Amino acid sequence: MKDDINDVLNEALDLGATYGDVRLVEQEVEYIQVRKGNVATISSSREKGFGIRLLYNGAWGFASASLTGEGKDFKEKLSKVMRQAVSVAKASAQLKYKDVVLDDTPPVTNGYYKTPVKEDPFKVPVEDKLELLLTADARMREVEGVKVTQGSLNFYKERKIFASTEGAWIEQEIVHSGGGIRAKAVKGEDVQVRSYPNSFEGDYAAEGFEFIRKMNLPEEAPRVASEAVALLSAKQCPQLETDLILAGDQLALQIHESCGHPTELDRVLGTEVSYAGTSFLTLDKLNNFYYGSPQVTITADATLVGGLGSFGYDDEGVPAQRSFLVKEGKFVGYQTSRETAPIIGERSNGCMRADGWNRLPLIRMTNINLEPGDWTLDEMIEDTKEGIYMETNRSWSIDDLRLNFQFGTEVAYEIKDGSLGELYKNPTYTGITPQFWNSCDAIANRDNWKIWGLVNCGKGEPSQSMRVAHGASAARFKNVKIGIWK
Amino acid sequence: MLGQEKALSLLEKALNFSNSLQTEALYIGKQESLTRYTNSVVHQNVIEENTILSIRAVNEGRVGCDMTNSLDERSIKESVEKANIVSKVQPQEVEFYSLPPPAPYKPLEIFVEATAEYSPEDKARDIGIIIRIAERAGVKAAGAFSTINQEIAIASTLGVRAYCKFTTAFLSNIMFDEESSGYADRISRDVRELNPQAVAWEALQRCLENREAKELSPGEYEVVLEEYAVADLIEYLAFMGFSALSFQEGYSFMSGNIGKELVDKKITIWDDGLDIRGLAQPFDYEGVPKRKVELITEGVAKGVVYNSQTAFKEWKLSTGHALPAPNVYGPLPLNLFVKGGDTTEEEMISQVERGLLITRFHYIREMHTLKTLITGMTRDGVIYIENGKKKYPVKNMRFTQSILEALKDVRGISRDTKLQSSPEGFGCAVVPKMHLGRFNFTGISKL
């Protein structure tokens, strides 16, 4: 196979390409969902294919095809798709401003990475997985007033080979495990939801089945269901400006939307104008703009163990790295690629990923983390005279510059004189990104810090759904507008 | 692309490998070519060829699904066996009655050779037209141009045999500069109907109209919504309430409300997968023929859409709205229509006392499904209207609004309708423009 791939890459050079890479990807997914005591879905899937990206006459071309079999057919198909990529690049070259230039990242000629896994989730019997979910589901249904219960497990394995005309050869095996439970309570015209350990069908990590066992889903089930029911009779979250403490699970999505996306350099340069939008963090603001308060330090770190954005090498063959996006409040870095990094005088920090063999790599978040502070959550609450505590995302929206955001959470508690008080339903909060982060005056310490996995980060056309993560602990923000509802 | 004979023969092979009580095999073949442009250059240009074989095995009410994109005999057999095994390991009978029986469907002319053969060079030529218009006007152009050839085949041990192939062409364009932007798009089965020049001029006009935008205080305003914005709202409404799954489980606004007046009498919404004014398709992903379903007629809740599972629960017939298995959303209406009215955009604007003309919305998310409460932003063109006249463009605003509440005060609906398939939405919708009496804006976008 290696010879076939290298032969076709050489053929691309012979045809006039100045750069080319091949990604051969195999993905395996298992998904189980139980619903109201029944098995709603058990499914598995396997996908195999390759994508070829190349530069011809200074412009990009990309072509891909699914893969069946190997040997002679494989090489022929590879060659055919490579020629398609050349013809696509020729079409691109008709409408270019200047030639694409890549940075000088040296090729990794013999790279290997494997997610550290204790218990291969694909080897755990389906019966065991079902028993876990059905037990949790039954415990949720024991709580009176619950209308719909749901639990799911989701496992993902990706094996990929990256090779380039520069001589790169990298093999990686990535494994992700995730799952969670959810209870929905309905009364009249009200519906309330509670999830554990997070919304979006739970939490995910680059770990094996040991990650699922640690969740203790059956033990948490009665609490989750009881909270959903309690929310039906809770007071509506008041509309006011107050101090807001966000739990780590909600803060993860806040980081995602208001720091992760706006620091993607391709977005800043306009490549997503027609779809998801651009970014307020324009080039003139780099090292020249206070994104947040001095407490706020945000990193992009693909070297963390356990995050969905953890890997050995990105999909351009660049080694995983840790870099600063915001340092003590100052905006100091973007997430970059080999094409975009030279525009700001840098080398790629390794953020290019594609969600499959049939998609072009884009700048995608790795593990984007709010670095921990030195407060405990209890101290933070005790230090708050009047405020609100919100937990677990329910809705999220942000504008096309990543400035105006509005989030809703599943649950909130009043904070009065340093203690948690009344339960509120339908909590929401809104703000403008830099104003919000500049109002951050306290961040919880590493004991409260956790990496949260998200599997539904959308970007690009055709749409790609990326697996990313965010390390976060609870944090406090001053004078935030809450309770937007109509 | 395999063609009808080879596709159905592949599925026969899969069914022959199965020893489950019931088995369904779904094949999807797809070729997609997409060119993206921004800052007036092509920056991403891709082509893709893929196949999916999905097996659903049913054993005593227990269902197992497996998917592969490898179509060699070994992979097909492995997929059938996996579906069979996972269906049998389940500890108890689930609420699954049966795969649907075969039913005749009406073939539709939805494959257009011109679309299937449209090359990246053809797209570059059309994008060049858009870019030249942008350059002459001193703005930049961005967007995407895609063509898709797709085929679907379904076979089951109950005798279902269904095949169709179709094409889709989509062109979007944003004209923009430092202070302004305007949007336009077209979608069709036939690439020749996209008219890049018209798309460019439409977006450019909005971009030029949107310059020197002012801030407007949040609050309640009348709105005149372009088709893009109407489609966003209707597709979200459909997602939140027109599925039999949410209806049966009690978290749809339609639950318990059939026959009741929910919105203004001017509002009539239906789904019709056979109407070629939309992106028609003869059958759903279970091979059940598409049926027209009245959802809201003259303001009154009429019904929801069903797949075979939700239909069996109420001893009804499936309306042909199944998504590919496995899916957790239940059936969805993907071919929505909103009845046109008797007015025009100009006439609607002339009736506005104090309101906004809105091109489209951005990043809509549901906040409360039963109340149909959503939030989102305006994007690519918002104009303030006072006493029947357009006054000045305004900066993007956040809204927080119940869709059903907004549709209770409909002051005008345009005669003409347009086919939309929104990146924010699900499926497609043929919709008019609308003048709504009250829409709640809760914030503005500014640094």
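Just so we're clear, the structure is a prediction, and the values are computed from it rather than from any experiment. (Residues numbered from 1 in each chain as written. Chains lettered and ligands numbered in written order. Predicted model: local features only at pLDDT ≥ 70, side-chain atom pairs only at ≥ 80, totals over all residues.)

**Examining the overall build of chain B**
Then, in step 1: Helix and strand counts for chain B stand at ten helices and 17 strands.
Then, in step 2: Seen through its C-alpha atoms, chain B measures out along the principal axes to roughly 70 × 55 × 40 Å.
Then, in step 3: Relative to its full complement of 447 residues, chain B shows a buried share of 59%.
Then, in step 4: Residue pairs at least 24 apart in sequence account for 73% of intrachain contacts in chain B once pairs closer than 6 positions are excluded. (Helix = DSSP H or I, 4+ residues; strand = E, 2+ residues; numbered from the N terminus. Buried ≥ 20, exposed ≤ 12 C-beta atoms within 10 Å, placed from the backbone. Contact = placed C-beta atoms within 7 Å.)

**Notes on the overall build of chain A**
Then, in step 1: If you tally the helices and strands in chain A, you get nine helices and 24 strands.
Then, in step 2: Over its C-alpha atoms chain A spans a radius of gyration of 24 Å, differing by no more than 12% from the 23 Å that the globule rule assigns to 486 residues.
Then, in step 3: Based on the C-alpha atoms only, the size of chain A along its principal axes is roughly 70 × 55 × 35 Å.
Then, in step 4: Within chain A, the proportion of its 486 residues that are buried is 61%.
Then, in step 5: Residue pairs at least 24 apart in sequence account for 78% of intrachain contacts in chain A once pairs closer than 6 positions are excluded. (Rg over C-alpha atoms; globule rule 2.2 N^0.38 Å.)

**Structural notes on the interface of chain B and chain A**
Then, in step 1: Taken together, the contacts link 78 residues of chain B with 70 residues of chain A.
Then, in step 2: Considering every element that reaches the side of chain B that touches chain A, the biggest residue donor is strand β2 (residues 41–59) of chain B, with eleven residues.
Then, in step 3: For the side of chain B that touches chain A, a count of residues per class yields 32 nonpolar, 29 polar and 17 charged.
Then, in step 4: Pairing of strand β3 (residues 59–66) of chain A with β2(B) involves four bridges; the strand directions are parallel. Each bridged residue has a counterpart across the sheet, and for A:Ala65 the counterpart in β2(B) is B:Glu49. (Nonpolar A, V, L, I, M, F, W, Y, C, P; charged D, E, K, R; others polar. Pairing = 2+ DSSP bridges.)

**Some thoughts on the sheet that holds strand β11 (residues 298–301) of chain A**
Residues and elements named next belong to chain A.
Then, in step 1: Strand order in the open sheet made by the four strands is β13-β12-β11-β16, with antiparallel pairing throughout. Of all strands in the sheet, those with a lone pairing partner are β13 (330–331) and β16 (368–370), marking the two edges.
Then, in step 2: Note that β11 and strand β12 (residues 322–327) share four bridges and pair antiparallel. Following the sheet pairing, Ile298 is matched in β12 by Val326.
Then, in step 3: Strands β11, β12 and β16 of the sheet are contacted by helix α6 (residues 248–260), whose axis makes an angle of about 115 degrees with β16. (Axes fitted to C-alpha atoms, helices over the stretch in contact; angles between N-to-C directions.)

**A closer look at unusual backbone geometry**
Then, in step 1: Following A:Glu461, the chain continues to A:Pro462 via a peptide bond in cis, the omega torsion being -5 degrees.
Then, in step 2: Tracing the backbone through its elements, the reader meets A:Pro462 in the loop between β22 (450–459) and β23 (464–472).
Then, in step 3: That bond from B:Ala325 to B:Pro326 is cis: its omega, -5 degrees, falls within 30 degrees of zero.
Then, in step 4: Mapped onto the fold, B:Pro326 is located in the loop between α8 (308–313) and β11 (335–338).
Then, in step 5: Non-glycine residue B:Ser40 carries a positive phi angle of around 65 degrees.

**Describing the packing of helix α1 (residues 4–17) of chain B against helix α2 (residues 73–88) of chain B**
Residue and element names in this part refer to chain B.
Then, in step 1: Two elements in contact, α1 and α2, have axes separated by 9 Å at closest approach and are oriented at 50 degrees. By the criterion of interaxial angle, the relationship of α1 to α2 is oblique. Handedness of the crossing formed by α1 with α2: right-handed. Contacts between α1 and α2 involve Lys13, Ala14 and Phe17 from the former and Ile76, Lys77 and Val80 from the latter.
Then, in step 2: For the contact of α1 with α2, the class distribution of residues is four nonpolar, no polar and two charged. (Parallel < 35°, antiparallel > 145°, perpendicular 65-115°, else oblique. Left-handed = near helix turned anticlockwise from the far one by under 90°.)

**Section: the domain arrangement of chain B**
Residue and element names in this part refer to chain B.
Then, in step 1: Splitting chain B by domain gives domain 1 (4–203) and domain 2 (213–447).
Then, in step 2: Computed from C-alpha coordinates alone, the two centres of domain 1 and domain 2 are separated by 24 Å.
Then, in step 3: The leading source of residues in the side of domain 1 that touches domain 2 is strand β5 (residues 161–176), at six residues.
Then, in step 4: Residues belonging to the side of domain 1 that touches domain 2 are distributed by class as follows: 20 nonpolar, seven polar and two charged. (Domains from an automatic or database assignment.)

**Concerning the domain arrangement of chain A**
Residues and elements named next belong to chain A.
Then, in step 1: Segmenting chain A into domains produces domain 1 (2–232) and domain 2 (235–482).
Then, in step 2: Measuring from the centre of the C-alpha atoms in domain 1 to the corresponding centre in domain 2 gives 22 Å.
Then, in step 3: Every contact between the two is made by 43 residues of domain 1 and, on the other side, 38 residues of domain 2.
Then, in step 4: Here the side of domain 1 that touches domain 2 is built from residues that sort into 21 nonpolar, 14 polar and eight charged.

**Considering the confidence of the model for chain B**
Then, in step 1: A residue-level look at chain B finds 98% of positions with pLDDT of 70 or above and a mean pLDDT of 95.
Then, in step 2: Here the predicted complex scores 0.96 on pTM and 0.94 on ipTM. (pLDDT = per-residue confidence, 0-100.)

**Concerning helix α5 (residues 196–209) of chain B**
All names here are of chain B.
Then, in step 1: In this model, α5 (14 residues) spans 20 Å end to end at C-alpha, consistent with the 20 Å of a helix rising 1.5 Å per residue.
Then, in step 2: Listed as buried for α5 are Pro196, Val199, Ala200, Glu202, Ala203, Leu204, Arg206 and Cys207.
Then, in step 3: The inward-facing, buried residues of α5 abut α4 (120–137), β5, β6 (181–188), β12 (354–368) and β13 (373–386). (Expected span 1.5 Å × (residues − 1).)

**As for the pairing of strand β4 (residues 140–156) of chain B**
Residue and element names in this part refer to chain B.
Then, in step 1: With respect to burial, β4 is a largely interior element, 15 of its 17 residues being buried.
Then, in step 2: Judged from the 14 bridges that link them, strand β1 (residues 22–38) and β4 form a sheet pairing that is antiparallel. Note that in β4 the partner of Glu32 across the bridge is Ile148.
Then, in step 3: When β4 meets β5, the two strands line up antiparallel, connected through 16 bridges. Along β5, the bridge assignment pairs Thr147 with Ala169.

**Things to note about α6(A)**
Residues and elements named next belong to chain A.
Then, in step 1: Under the 1.5 Å per step criterion, the end-to-end length of α6 is only 15 Å for 13 residues, more than 12% shorter than the ideal 18 Å.
Then, in step 2: The element α6 is extensively covered by neighbouring structure, given that twelve of its 13 residues are classed as buried.
Then, in step 3: Burial in α6 covers these residues: Gly248, Asp249, Gln250, Leu251, Ala252, Leu253, Gln254, Ile255, His256, Ser258, Cys259 and Gly260.

**A look at the pairing of β5(B)**
All names here are of chain B.
Then, in step 1: Burial analysis of β5 places 13 of its 16 residues in the buried class, which makes it a mostly covered element.
Then, in step 2: Where β4 hands over to β5, the hairpin turn is made up of four residues, of which Gly159 adopts a positive phi near 105 degrees.
Then, in step 3: Once β5 ends, the chain turns through four residues before running back antiparallel as β6.

**Focus on the packing of helix α3 (residues 126–141) of chain A against helix α5 (residues 217–232) of chain A**
How two helices pack is summed up by the angle between their axes together with the distance between the axes.
Residues and elements named next belong to chain A.
Then, in step 1: The interhelical angle for the contact between α3 and α5, taken along N-to-C directions, is 25 degrees, at an axis separation of 8 Å. As summarised for this structure, α3 and α5 are arranged roughly parallel, according to the angle between their axes. Handedness of the crossing formed by α3 with α5: right-handed. Of the residues in α5, those touching α3 at Leu132, Thr135, Ala136, Arg139 and Met140 are Leu217, Pro218, Ala221, Pro222, Val224 and Ala225.
Then, in step 2: Across the contact of α3 with α5, the residue classes tally to nine nonpolar, one polar and one charged.

**Focus: the nonpolar core**
Then, in step 1: Counting 286 residues, the largest nonpolar core has A:Ala85, A:Ala475 and B:Ile234 as its most contacted members.
Then, in step 2: Sort the elements by how many residues they give to this core and helix α6 (residues 227–241) of chain B lands first, with ten residues.
Then, in step 3: Not counting the four nearest positions on each side in its chain, A:Ala475 is found in contact with A:Leu246, A:Leu251, A:Leu370, A:Cys440, A:Ala442, A:Ile443 and A:Ala444. (Core = buried A, V, L, I, M, F, W, Y, C linked by C-beta atoms within 7 Å.)

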